[in-house]
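# Descriptive analysis of the structure
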Amino acid sequence: MTASATDRVVTAGVDDLRIARYAALAIMLGVVEAGFPSPLPGVKPGIANIVTLLVLWRHGWRDAAWVSLLRIFGGALVLGGFLSPGFALSLCGGIVSLAALAAAQYLQRRWFGPVSLSLIAAFAHIAGQLGLARLWLIPDNGLIRLAPVFFGAALVFGLANGLICARLLKEHPTP
Amino acid sequence: MSKTEWRLLQPGDWLTAALGATLVALLAWLAWNTDAATHVRIYQSGKLFAELDLMAHRTMQVPGPLGDTTVEIAQGRARIAADPSPRQYCVKAGWLTETGQTAICLPNRTSIELTGSRARAYDSLSY
């Protein structure tokens, strides 16, 4: 029988369901985090990235990219910031972070654990955000005076998220 | 899959963290250790003609042997907007933004220099 052009059936595969579950978890963490007051605008722990790292470690970069981007779009829709400047910053940070992770995933796992990946992702994330902010939102070199604060936060939170991820992976090596 | 024994922090993680901390320290030093320019000094024939705050927005005429040199100050920077000297080097220098930068107009014997909060690293500059 010829397949109907209007009556299309889309079935979610095992991969799709797994990615959707992780993305939902990441969006939830993002919503929880949005409820916490931030000492400085833009400084956030980024606990949803723990999920991205977990997925990267268990299922590879492709799945991690899906989860990360779904989290950024889904989170923006849930929290109401879709297409806002904050969303653009988040997306740019996420893309640069994923690009860095694409290279960092080949680090020897014997020597480099999730903490390294978390730190690299956090630094790349803030670099992407500051880069876009300098080019588009605040085109002034004075922005560099804030950079140490943001990168310092990336160091602290990258370390914390990485340790949480390592702990989770130690207790549950396989899903 | 056998359960691999591993610590939360691998040896390489310490390395990454140390590199990250170094980067932050370096960035802080670079970003916060600069001496921002606060004033502009205008010299005429080797003598201090005027010292102005860089935050002011103004244009000043400085009379020299060839005619008036126009100094423009705006938003933390300064430049020679116009000068009667033939080669126009000081005008081509454009906007000065950093402490220690100078623009010298010869032979009209006029120059500008940006200064910060700290003392200069040298005693004087003669030409």
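Everything numeric in this text was worked out from a predicted model, so none of it was measured.

### Considering the interface of chain B and chain A
With 22 residues of chain B at the interface, the matching set in chain A holds 27 residues. Summing the contributions of chain B and of chain A, the shared interface buries around 2000 Å²; its carbon and sulfur component is 75%. The interface formed by chain B and chain A holds zero salt bridges in total. Connecting chain B to chain A are seven residue pairs in polar contact (both at pLDDT 80 or more). Class assignment for the residues of the side of chain B that touches chain A results in 15 nonpolar, five polar and two charged.

### Quick word on the sheet that holds strand β1 (residues 39-44) of chain B
What links the strands of a sheet is backbone hydrogen bonding, and the strands pair in either a parallel or an antiparallel sense. Residues and elements named next belong to chain B. The four strands are arranged β2-β1-β7-β6 in an open sheet whose pairing can be described as antiparallel. The open sheet terminates on both sides in strands that have one partner only, identified here as β2 (47-53) and β6 (102-105). Across the sheet, the axes of successive neighbouring strands diverge by a mean angle of 15°, strand direction being ignored. Bridge count for β6 against strand β7 (residues 110-115) is four bridges, and the pairing is antiparallel. Paired with Cys105 across the two strands is Thr110, which belongs to β7.

### Some thoughts on the packing of aromatic side chains
Within this structure, the stated rule accounts for four aromatic pairs over all chains. With a centroid separation of 6.1 Å and 55° between ring planes, the pair formed by A:Phe73 and A:Phe82 is classed as tilted. Classification of A:Phe82 as partly exposed rests on a relative accessible area of 39%. A centroid spacing of 5.1 Å and a plane angle of 65° characterise the contact between A:Phe82 and A:Phe87, whose relative ring orientation is edge-to-face. Residue A:Phe87 is classed as buried on the basis of its relative accessible area of 8%. An aromatic cluster is defined as three or more aromatic residues linked by ring pairs; in this entry it consists of A:Phe73, A:Phe82 and A:Phe87. Over the ring of A:Trp57 we find A:Arg109; its NZ or CZ atom is 3.9 Å from the centre of that ring. Across from the ring centre of B:Trp95, 4.0 Å away, lies the NZ or CZ of B:Arg77, which sits over that ring.

### Comments concerning the layout of surface pockets
Summary: where empty space remains is shown by rolling a probe the size of a single water molecule over the atoms. Here the largest pocket is characterised by a volume of approximately 1200 Å³. Taken together, 49 residues make up the lining of the largest pocket; nearest its centre are A:Gly42, A:Lys44, A:Ser90, A:His125 and A:Gln129. Of all the elements in the fold, those that place two or more residues in the lining of the largest pocket are α1 (14-34), α2 (49-59), α3 (61-79), α4 (85-104), α5 (114-137) and α6 (147-171) of chain A. Per-element accounting of the lining of the largest pocket gives the leading share, nine residues, to α5(A). Here the residues of the lining of the largest pocket sort into 28 nonpolar, 18 polar and three charged. Considering only enclosed or pocket space, the second largest pocket measures out at about 600 Å³ in volume. In terms of lining, the second largest pocket is formed by 20 residues, of which the most central are A:Asp140, A:Asn141, A:Gly142, B:Thr97 and B:Glu98.

### Details of α2(A)
Along an α-helix, residues three or four apart share an orientation, since each turn contains 3.6 residues. Residues and elements named next belong to chain A. Counting buried positions along α2 yields eight of eleven residues, so the element is predominantly enclosed. Those residues of α2 not exposed but buried are Ile50, Val51, Thr52, Leu53, Leu54, Val55, Leu56 and Trp57. Elements that come into contact with the buried residues of α2 comprise α1, α3, α4, α5 and α6. Positive backbone phi, approximately 100°, marks Gly60, located one or two places after α2.

The rules behind these values
- Residues numbered from 1 in each chain as written.
- Chains lettered and ligands numbered in written order.
- Predicted model: local features only at pLDDT ≥ 70, side-chain atom pairs only at ≥ 80, totals over all residues.
- Heavy atoms only, no water.
- Contact = heavy atoms within 4.5 Å.
- Buried area = accessible area lost by both parts, 1.4 Å probe.
- Salt bridge = Lys/Arg side-chain N within 4 Å of Asp/Glu carboxyl O.
- Polar contact = N/O pair within 3.5 Å; in protein donor to acceptor, adjacent residues only side chain to side chain.
- Nonpolar A, V, L, I, M, F, W, Y, C, P; charged D, E, K, R; others polar.
- Pairing = 2+ DSSP bridges.
- Helix = DSSP H or I, 4+ residues; strand = E, 2+ residues; numbered from the N terminus.
- Axes fitted to C-alpha atoms, helices over the stretch in contact; angles between N-to-C directions.
- Phe/Tyr/Trp six-rings, centres within 6.5 Å; stacked < 30°, edge-to-face > 60°.
- Buried < 20%, exposed > 50% of the residue type's maximum accessible area, 1.4 Å probe, protein only.
- Lys NZ or Arg CZ within 6 Å of the ring centre and 35° of its normal.
- 1 Å grid on protein atoms, 1.4 Å probe; cavity = no way out; pocket = protein on both sides within 12 Å on 5 of 7 lines; lining within 4 Å.
- Points joined across faces, edges and corners; volume = space filled by probe spheres on them.

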